[in-house]
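# Observations on the three-dimensional arrangement
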Amino acid sequence: MSLDRELDQTILGFADIQAELNICKAKDALKEIVTNLDLTPEEKVGLDSEISGLESMLEKLEKASVYIAVFGMVGRGKSSLLNALLGEKLFETGPIHGVTKTTKVRQWQLGRDNSTHIESLFTNSLTSDKLSQVELIDTPGIDEVDGKTRELMARQVAKQADLLLFAVAGDITQVEYEALSSLRDAGKPILLVFNKIDQYPEADRLAIYNKIRDERVRELLSPDEIVMAAASPLVAKAVQRSDGSLKVEMVRGKPQVEDLKLKILEILDREGKSLVALNSMLYADDVNEQLVRRKMEIRSQSADGVIWKGVMTKAMAIALNPVTVLDLISGAIIDVAMILTLSKLYGIEMSQSGAVDLLQKIAISMGGITASELIANLGLSSVKGLLGLATPVTAGLSLAPYLSVAVTQAAVGGLSSYGIGQITKTYLANGASWGEESPKAVVNNILVSLDENSIMSRIKDELINKLKIKDFSQNQQQ
Ligand SMILES: Nc1nc2c(ncn2[C@@H]2O[C@H](COP(=O)(O)OP(=O)(O)OP(=O)(O)O)[C@@H](O)[C@H]2O)c(=O)[nH]1
Ligand SMILES: [Mg+2]
């Protein structure tokens, strides 16, 4: 059997090493590779941070919990806003000021049984998913408790929260400004929610909004941190009197909190908490189309982030690892970790052996850039192996040719992970199915659509940057 075939077997004949492939061991294996390499501290930092990045991502996915707290003066609709987000009246509300006396927490329930078409794609997998949750924290009005206690309470809650909402119901007062300003000090993302907009005619509402934005909170908040809502709007309804005549009555209408939901989602995404947000929002009621589309976009962006992380981890491992066979094994471990991470992102339960199977299937369908091809076509393995084994990576003079080979090889390895990642993403987005077509056709379509050159040069650039290889581009051109 040729060496290339043997290597392919190593990758594809995973049955034997499946047992080894749990995430912990993968991490250990990667760490060991790093430790055993004769690397400069600088090089180590690069690889270490990649590995721990992937690690912490996995951990976060495993036990992520996000806290969103609402603040504001009494009666501004804090509890109503949270209820509107929940789609359920879990927090007590009422016209008398000071309804909420103490801080209360409720979980934003997942897995509600009111799925729309797109939601149902994920339903099976998510209902049993204890992964991520969003906790909503309601607080008493800031003018309900005395100054010192208020300050202390607010600060404590703000410290635990990942996102702060501040509810107002019109132009903001001095007390509100001061509270907002001290909350800003907590260093958490804040949304100022202008609630009860149904109480103002359109023109007034805009005037107030503009005033808040341009005059009141200019120094504290950027315009996109302000959002309008009506948590519990009053709407006119015609009702029939007993004598048959009609009268108009004000009743509670449907909450308008879509903009708020979108903003929350955007912020959590920016803070690297999108997964959690996605899962919950996906199952919150009244998810409108816009929200669903945005969620799909964000999910896709997060997936691309995960893929890129996998790509660079793989590229780094290959670039810094002088033993080709190990490259492939650790490379496969990284791919498996990437697949598992993506499956969690898409809320699709997948065991490690499931991930290995999927990788195997993809690798077979990919053909073109499987491991053996990557080594054989470039004819780099021996060069790299020789250089890598003969001299420590850091041995001055030999570094440049080694790196030039290593970086190219790493980029090819990274490219294959990129392909694997994109294919996995498509598969998962389709509800863990290849759809109408054969896996091979799906894989081919995706591979054809990849701009290999630009992906490879992006990997190389980032790699060179990470390894802090100076003058490398000159070497490469010679
Ligand atoms: N018209 C209108 N009324 C609202 C809206 N949101 C809340 N309300 C009403 O405002 C009153 C106060 O709402 P809550 O949610 O209890 O306000 P809160 O800020 O939690 O009040 P405290 O707990 O007392 O500090 C209730 O009667 C709500 O029905 C809204 O968007 N429009
Ligand atoms: Mg309340």
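How each quantity is defined
- Residues numbered from 1 in each chain as written.
- Chains lettered and ligands numbered in written order.
- Predicted model: local features only at pLDDT ≥ 70, side-chain atom pairs only at ≥ 80, totals over all residues.
- Helix = DSSP H or I, 4+ residues; strand = E, 2+ residues; numbered from the N terminus.
- Buried ≥ 20, exposed ≤ 12 C-beta atoms within 10 Å, placed from the backbone.
- Contact = placed C-beta atoms within 7 Å.
- Expected span 1.5 Å × (residues − 1).
- Arc of directions from axis to C-beta.
- Near = placed C-beta within 6 Å.
- Nonpolar A, V, L, I, M, F, W, Y, C, P; charged D, E, K, R; others polar.
- Pairing = 2+ DSSP bridges.
- Core = buried A, V, L, I, M, F, W, Y, C linked by C-beta atoms within 7 Å.
- pLDDT = per-residue confidence, 0-100.
- Axes fitted to C-alpha atoms, helices over the stretch in contact; angles between N-to-C directions.
- Parallel < 35°, antiparallel > 145°, perpendicular 65-115°, else oblique.
- Left-handed = near helix turned anticlockwise from the far one by under 90°.

## Observations regarding the overall build of the protein chain
What the protein chain contains, in helices and strands, is 19 helices and eight strands. Buried positions account for 44% of the 478 residues belonging to the protein chain. Pairs at least 24 apart in sequence give 77% of the contacts found in the protein chain among residues at least 6 apart.

## Looking at helix H8 (residues 202-216)
Here H8 spans 20 Å end to end across 15 residues, near enough to the 21 Å set by a 1.5 Å rise per residue. For H8, the set of buried residues is Ile208, Ile212 and Arg216. An end-on view of H8 places all buried positions within 40° of arc, on one side of the element. Exposed positions of H8 whose direction lies more than 90 degrees from the buried face are Glu202, Ala203, Asn210 and Asp214. Each element contacted by the buried residues of H8 is listed here: helix H7 (174-184), strand E5 (190-194) and strand E6 (226-228).

## Looking at the site of ligand 1
The local shell around ligand 1 holds 27 residues, among which Gly77, Ser79, Ser80, Thr93 and Thr100 are the closest. If one sorts the elements of the shell around ligand 1 by residue count, helix H4 (residues 78-86) sits on top with three residues. Among the residues making up the shell around ligand 1, the classes are represented as eight nonpolar, 14 polar and five charged.

## Notes on the pairing of strand E7 (residues 234-240)
Sparse coverage of E7 is indicated by the burial of zero of its seven residues. With seven bridges connecting them, E7 and strand E8 (residues 246-252) associate as antiparallel partners. Across the sheet, the residue bridging to Ala238 is Val248, located in E8. Here E7 folds back onto E8 in antiparallel fashion, the turn holding five residues, of which Gly244 has a positive phi close to 95°.

## A closer look at the environment of Glu176
With respect to the helices, strands and loops of the structure, Glu176 is situated in helix H7. A count of 25 C-beta atoms within 10 Å places Glu176 in the buried class. A sequence separation of 104 residues divides Glu176 from Gly72, and the C-alpha atoms of the two residues are 7.1 Å apart. Leave out the neighbours within four places in its chain, and Glu176 touches Met73 and Val168.

## Section: the nonpolar core
Ranked by size, the top nonpolar core spans 53 residues in total, and within it Leu81, Phe166 and Val193 carry the most contacts. Among the elements that take part in this core, strand E4 (residues 163-168) stands out by supplying six residues, more than any other.

## A closer look at helix H13 (residues 352-366)
An α-helical segment advances 3.6 residues per turn. Residues three or four places apart therefore align on the same side. Taking 1.5 Å of rise per residue, the 15 residues of H13 would be expected to cover 21 Å, and the 21 Å separating its terminal C-alpha atoms lies within 8% of that figure. Ala355, Val356, Leu358, Leu359, Ile362, Ala363, Ser365 and Met366 are the residues of H13 that are buried.

## Considering the confidence of the model for the protein chain
Residues with a pLDDT of 70 or more make up 62% of the protein chain, whose mean pLDDT is 72. Per-residue pLDDT stays below 50 along residues 110-132; that stretch engages in 39 contacts with residues further than four places along the chain or on separate chains. The low-confidence segment residues 274-288, where pLDDT is below 50, has 55 contacts with residues more than four positions distant or belonging to other chains.

## Describing the packing of H13 against helix H17 (residues 439-449)
Where H13 contacts H17, the two axes come as close as 9 Å, and the packing angle between them is 70°. On the basis of their axis angle, the class for H13 and H17 is roughly perpendicular. For H13 against H17, the interelement crossing comes out right-handed. Between H13, through Lys361, Ile362, Ser365 and Met366, and H17, the contact on the second element is made entirely by Pro439, Lys440, Val443 and Leu447. Of the residues assigned to the contact of H13 with H17, the class counts are five nonpolar, one polar and two charged.

## Re unusual backbone geometry
One non-glycine residue with positive phi stands out, namely Lys196, at about 60°. In this structure, Lys196 sits in the loop between E5 and H8. The phi dihedral of Ala432 is positive, around 55°, even though this residue is not glycine. Mapping Ala432 onto the fold places it in the loop between helix H16 (399-429) and H17. The exposure class of Ala432 is partly exposed, given the 19 C-beta atoms found within 10 Å.

## Quick notes on the environment of Ala363
Turning to its location among the elements, Ala363 is positioned in helix H13. In this structure Ala363 comes out as buried when scored by C-beta crowding, with 23 C-beta atoms within 10 Å. Placed 56 residues apart in sequence, Ala363 and Gly419 show a C-alpha to C-alpha distance of 9.7 Å.

## Topic: the environment of Leu463
Residue position: Leu463 is located in helix H18 (residues 452-467). Take Leu463: there are 25 C-beta atoms within 10 Å of it, and that puts it in the buried class. Separated by 148 residues in the primary sequence, Leu463 and Ala315 have C-alpha atoms spaced 7.4 Å apart. Leaving out residues up to four positions away in the same chain, Leu463 has contacts with Ala315, Met316, Ala319, Val407 and Ala410.

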